[in-house]
Amino acid sequence: MRVHVLETGVAVVRERQLEGAGPARLLRTVLTRTGWTEIPMRAWLIEHPDGLLLIDTGQNARVNDPGYLPRESLYFRRNLRSRIAPEEEIGPRMRALGIDPKDVRCTILTHLHLDHDGGLAHVLGSEIIVAAGEYQRAKGFAGRMRGYLPHRWPEGFQPRQVTLPERPYGPFTHSLELVRGVVLVGTPGHTRDHLSVVLEGEPRLFFAGDAAYSEAALHRGIPDGLATDADAARATMARIREFLAERETIFLPTHDPEAPARLARYGEQHRRFRPRVVQDVQGDAVEPQQSAPAEAPRGPGDAA
Ligand SMILES: [Zn+2]
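Now for a description of the structure that goes with this document. Sequence order sets the numbering: in each chain, residues are counted from 1 along the sequence as written. This being a predicted model, a pLDDT of at least 70 is required before a residue's local features are given, and a value of 80 or more before pairs of side-chain atoms are given or counted; all residues contribute to the totals for chains, interfaces and linings.

Note on terminology: a nonpolar core is any set of buried Ala, Val, Leu, Ile, Met, Phe, Trp, Tyr and Cys residues joined through C-beta atoms within 7 Å. Put plainly, a residue is buried at 20 or more neighbouring C-beta atoms within 10 Å of its own, exposed at 12 or fewer, and partly exposed in between, counting only other residues' C-beta atoms, which are placed from the backbone. The biggest cluster of nonpolar side chains holds 65 residues, and the ones touching the most others in it are Trp-44, Phe-206 and Leu-252. With C-beta atoms placed from the backbone, a contact is any residue pair whose C-beta atoms sit within 7 Å. Every residue in contact with Phe-206, bar those within four places of it in the chain, is listed here: Ser-196, Val-198, Phe-243, Thr-249, Ile-250, Phe-251 and Leu-252.

Listed below in structure tokens is the structure:
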């Protein structure tokens, strides 16, 4: 199975945002005068046997248009710069791979921050999955006050809102198998209803969204400076570390500069996609199906 990285430019943020421990965390992240650092913004595309599966949609190039970001937000005014060209949006990125964005079957949003929902207009024909709680907190005026940009959602954005049932999946308490071998797990902290995506196999892949900004941050266990709940973020990172220790798993956070290199290693291993037996929505056991041998990677940033 091939997995592609879709890079959608870089965000230039304050260093303090990457690790923001201590009292008055959010306020200090907004008021910080620490130096600037660049982090990638990206989405992931899985050529799953059941169809194309997109995880997050990255940023869009209009983010720098005057008036696009709310002026009233101190954070957007002081602490965020974005560099992205129109050809770096997910639509053109997919077409460059020979993939028509209209063929994406399912789009999963880890959460609804602007650098994750910015490319929605390219995949409105897909089934879009978002945690119900995330959608409810992001919409409307209250959502804008929380730093979301619901007024920038494209017309026709009507996601399927899912609530993860309380079903243990390794160390995670809430999970839902969406399609064969693709499991959503609750990873609260960065936002209250943030979710991550596991692609089963050998090794398995863990698409972390912003549950940690990088593998290094995960191991230090320090929440990012914008996390809405620092304690929940720490608990989530502990669970992820436990999950990674269980067996070989490649950790893929949205903003980790090293993530594509780790994904490339996945391609080199030529392993098989072998979903284990998991419970389906009704709680019945689902038989894993025999899968075809993985193909070799065909280009930089791709993995088979
Ligand atoms: Zn975020």
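Quick look at the environment of Tyr-266 now. Numbering of helices and strands runs from the N terminus, with a helix taken as a DSSP run of H or I at least four residues long and a strand as a DSSP run of E at least two residues long. Relative to the helices and strands, Tyr-266 resides in helix α10 (residues 259-268). Overall, Tyr-266 belongs to the buried group, with 25 C-beta atoms counted inside 10 Å. Placed 61 residues apart in sequence, Tyr-266 and Leu-205 show a C-alpha to C-alpha distance of 8.5 Å.

Let us now look at the sheet that holds strand β9 (residues 172-179). Between any two strands, pairing holds if DSSP finds at least two bridges. Taken together, the six strands give an open sheet; going across it, the order is β8-β9-β10-β11-β12-β13, and neighbouring strands pair in mixed fashion. Of all the strands in the sheet, the pair left with one neighbour each is β8 (166-169) and β13 (249-253). In this sheet, adjacent strand axes meet at a mean angle of 35° when their direction is disregarded. Note that strand β12 (residues 204-209) and β13 share five bridges and pair parallel. If you follow Phe-207 over to β13, its bridge partner there is Leu-252. Working convention: axes come from line fits to C-alpha atoms, limited for helices to the stretch in contact. Angles between N-to-C directions cover 0 to 180 degrees. Contacts from helix α9 (residues 230-246) reach β9, β12 and β13, with the element oriented near 145° to β13.

In this structure, Val-12 sits in strand β1 (residues 3-14). Val-12 sits 25 residues away from Thr-37 along the chain, and the two C-alpha atoms are 5.5 Å apart.

Okay, the pairing of β9 next. Summarising the sheet, β8 and β9 pair through two bridges and their orientation is antiparallel. The residue of β9 that forms the bridge with Glu-166 is His-174. Between β8 and the antiparallel strand that follows it, β9, lie two residues; Gly-170 among them carries a positive phi value of about 55°. Both β9 and strand β10 (residues 182-186) contribute to a ladder of four bridges, which runs antiparallel. Across the sheet, the residue bridging to Leu-176 is Leu-184, located in β10. Where β9 folds back on β10, the antiparallel hairpin that results is connected by two residues, among which Gly-181 adopts a positive phi of roughly 75°.

Looking at where Thr-236 falls in the secondary structure, it is placed in helix α9. Considering only alpha carbons, one finds Thr-236 and Thr-187, 49 residues apart in sequence, at a separation of 5.5 Å.

What follows concerns the pairing of strand β6 (residues 127-131). For β6, the tally of buried residues reaches four of five residues, placing the bulk of the element in the interior. Pairing of strand β5 (residues 104-108) with β6 involves three bridges; the strand directions are parallel. From the neighbouring strand, Thr-107 faces β6, where its bridge partner is Ile-128. Here β6 pairs with strand β7 (residues 160-162) via three bridges, running parallel. Bridge assignment links Ile-129 to a residue of β7, and that residue is Arg-160.

As a further point, take unusual backbone geometry. The peptide bond linking Glu-202 to Pro-203 adopts the cis configuration, its omega dihedral lying at 0°. Phi at Asp-56 takes a positive value of approximately 65°, unusual for a residue other than glycine. When you line up the elements, Asp-56 lands in the loop between β3 (51-55) and α3 (74-79).

Time to look at α9. Two residues of an α-helix separated by three or four positions point the same way, owing to the 3.6 residues in each turn. Expected span of a helix: the number of residues minus one, times 1.5 Å. With 17 residues, α9 should reach 24 Å at 1.5 Å per residue; the first-to-last C-alpha distance of 25 Å fits that figure. What α9 keeps buried is the set Ala-233, Thr-236, Met-237, Ile-240 and Phe-243. Down the axis of α9, the sector holding all buried residues measures 120°, keeping them to one side. The exposed residues of α9 that point more than 90 degrees off its buried face are Asp-231, Glu-242, Ala-245 and Glu-246. Summarising the contacts, the buried residues of α9 are in contact with β12, α8 (215-220) and β13. This arc is taken over the directions from the axis of the helix to the C-beta atoms.

Take it as geometry only, folks, not as evidence of what the structure does.
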